[in-house]
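Geometric and topological summary
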Amino acid sequence: MRYALPDLSLRELLRTLLAATACLILGCADHPTAQDGGEPLASYLRVALTFTRDLAGTRFDAQGHFVRYRTAEREPVAALLGLPQQIDRTQPIDTCRWVDGAGTIERALQTISRVELLDAGRLVVKGPEEATLLHPWHYPELTPFVTGVVYGVEEGRALALGGGARYEVVSEGGEEITPFVAQATAPQAFPSLIVAPYRVGSDLELSWSAPRQEETEPLQLTLTWSARGAREVRCRVRDRGAFHIPAALVPTGMEPTRGANAEMTAIRVRRAPLAGSGELEIGLREVLPLPLAE
């Protein structure tokens with residue numbers, strides 16, 4: 001079985017797990033002992049369906065998280081589970097921020113006391129033409145304070161993309177998650193992102209196809225590069241067809257001779273309620289290499 005994380009690339013997932021392992025082995029996190037008495041608990045329910053388009057084609061990924069955690073630990077929990085979008089939704093519109101992924105993970109490891117990933121029973125996702133199961137996958141034991149299962153789609157069980165089509169998630173429920181049905185409509189189309197060749201020291205100019213109908217959710221833009229370790233600039237912008245990332249936020253060392261490996265990602269999403277306090281998210285994610293001016 002392959003568990004796919006739409007919010008994280010495989011490289012980022014491995015980096016997360018390696019960072020967790022290093023902290024546990026070297027003792028870099030003076031980890032608190034979980035205490036049940038008096039600490040308020042919160043729950044977070046999310047199923048995300050993501051269609052990713054890149055130079056290799058279009059693929060489907062899915063993930064399900066049914067999380068119980070300490071109320072004060074929401075952001076560290078989202079970071080550790082690979083859900084940066086949940087943190088970024090507090091970011092003001094039409095702004096960008098620099099993110100050190102490794103540093104965020106280290107801080108999360110030092111903060112989190114206990115996270116429970118709950119079993120939602122049999123989980124089925126229905127598309128416009130077919131359906132597929134999401135299977136439970138045990139979270140790696142590298143982080144002993146995170147226990148339980150996450151849900152992912154098996155390889156070869158992808159759903160077809162229908163722009164504007166309705167998708168449905170049905171759960172039979174588990175011991176701690178009641179049965180639910182949630183429906184959401186996919187965005188009409190991928191952003192069709194266009195990235196102008198980047199010249200070091202200038203703003204990074206971006207354009208895309210604005211939606212025919214106004215989207216209620218902002219477009220999420222991410223610049224990722226790995227010339228000196230993986231770093232990101234994350235932007236949350238109005239879905240109107242154009243934006244520029246200020247030069248001050250774009251890293252130096254992007255010249256081709258320095259071996260920079262950079263790419264741009266744009267995600268257009270729609271959301272719908274799931275089991276009351278949770279949400280079903282459908283995203284169209286586009287990934288392009290960042291062209292560099294000669």
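Scroll up a little and you will see the structure.
This text gives an overview of the structure that appears in the document. Predicted, not measured: the structure shown is a model, and the values here were computed from it.

**A look at the side chain of Arg-234**
- For Arg-234, the location among the structural elements is in strand E13 (residues 231-237).
- For Arg-234, a relative accessible area of 13% corresponds to the buried category.
- In this structure the side chain of Arg-234 is engaged in a polar contact, spanning 2.7 Å, whose partner is the side chain of Glu-232.

**Points about the sheet that holds strand E11 (residues 204-207)**
- With antiparallel pairing, the 3 strands of this open sheet are ordered in space as E10-E11-E14. Both edges of this open sheet fall to strand E10 (194-195) and strand E14 (242-245), since each of them pairs with a single strand only.
- Judged from the 4 bridges that link them, E11 and E14 form a sheet pairing that is antiparallel. Within E14, the position partnered with Leu-204 by the bridge is Ile-245.

**Concerning the packing of aromatic side chains**
- This structure, assessed with the given rule, holds 4 aromatic pairs.
- Between Phe-51 and Phe-60 the ring centres are 5.1 Å apart and the planes differ by 45 degrees, which places this aromatic pair in the tilted class.
- Exposure remark for Phe-51: the relative accessible area of 2% places this residue in the buried category.
- Since its relative accessible area comes to 5%, Phe-60 is described here as buried.
- Residues Phe-51 and Tyr-167 carry aromatic rings whose centres are separated by 5.9 Å and whose planes lie at 55 degrees to one another, so their mutual orientation is tilted. Here Tyr-167 lies in strand E8 (residues 166-171) and Phe-51 lies in strand E1 (residues 41-54), a separation of 116 residues in the sequence. Of the two residues examined, Phe-51 and Tyr-167, each falls in the buried class.

**Focus on the pattern of salt bridges**
- Here the structure, examined in full by the defined rule, presents 13 salt bridges.
- Here Glu-281 and Arg-46 are joined by a salt bridge, their closest N and O atoms 3.2 Å apart. Taken as a pair, Glu-281 in strand E16 (residues 278-289) and Arg-46 in strand E1 lie far apart in primary sequence, 235 residues in all. No difference in accessibility class separates Glu-281 from Arg-46, as the two residues are buried.

**A short note on the environment of Gly-64**
- Along the chain, Gly-64 falls in strand E2 (residues 57-70).
- Residue classification places Gly-64 among the buried positions, given a relative accessible area of 0%.
- Sequence-wise, Gly-64 and Arg-46 are 18 residues apart; in three dimensions their C-alpha atoms are separated by 5.7 Å.
- Discounting chain neighbours no more than four positions away, the residues touching Gly-64 are Arg-46, Val-47, Val-150 and Tyr-151.

**Here we look at the nonpolar core**
- Grouped together as the largest cluster of nonpolar side chains are 30 residues, with contacts concentrated most on Val-47, Leu-49, Phe-66, Leu-134, Tyr-167 and Leu-280.
- Looking at this core, the elements with two or more residues in it are E1, E2, strand E5 (123-126), strand E7 (146-153), E8, strand E9 (180-185), strand E15 (262-274) and E16.
- Of the residues forming this core, the biggest block, 4 residues, is contributed by E1.
- What Leu-134 contacts, discounting residues up to four positions off in sequence, is Val-47, Ala-62, Leu-123, Val-125, Tyr-151, Gly-152 and Val-153.

**Topic: the state of the cysteines**
- Enumeration according to the criterion identifies 1 disulfide in this entry.
- With a sulfur-sulfur separation of 2.1 Å, Cys-96 is cross-linked through a disulfide to Cys-235. Between Cys-96 and Cys-235, the S-S dihedral sits near 105 degrees, and the bridge is therefore right-handed. A residue pair is termed long-range when its members are at least 10 positions apart, and Cys-96 in strand E3 (residues 95-99) and Cys-235 in strand E13 qualify at 139 residues. Both residues of the pair, Cys-96 and Cys-235, belong to the buried class.

The rules behind each value
Residues numbered from 1 in each chain as written. Predicted model: local features only at pLDDT ≥ 70, side-chain atom pairs only at ≥ 80, totals over all residues. Heavy atoms only, no water. Helix = DSSP H or I, 4+ residues; strand = E, 2+ residues; numbered from the N terminus. Buried < 20%, exposed > 50% of the residue type's maximum accessible area, 1.4 Å probe, protein only. Polar contact = N/O pair within 3.5 Å; in protein donor to acceptor, adjacent residues only side chain to side chain. Pairing = 2+ DSSP bridges. Phe/Tyr/Trp six-rings, centres within 6.5 Å; stacked < 30°, edge-to-face > 60°. Salt bridge = Lys/Arg side-chain N within 4 Å of Asp/Glu carboxyl O. Contact = heavy atoms within 4.5 Å. Core = buried A, V, L, I, M, F, W, Y, C linked by side-chain atoms within 4.5 Å. Disulfide = S-S within 2.5 Å.

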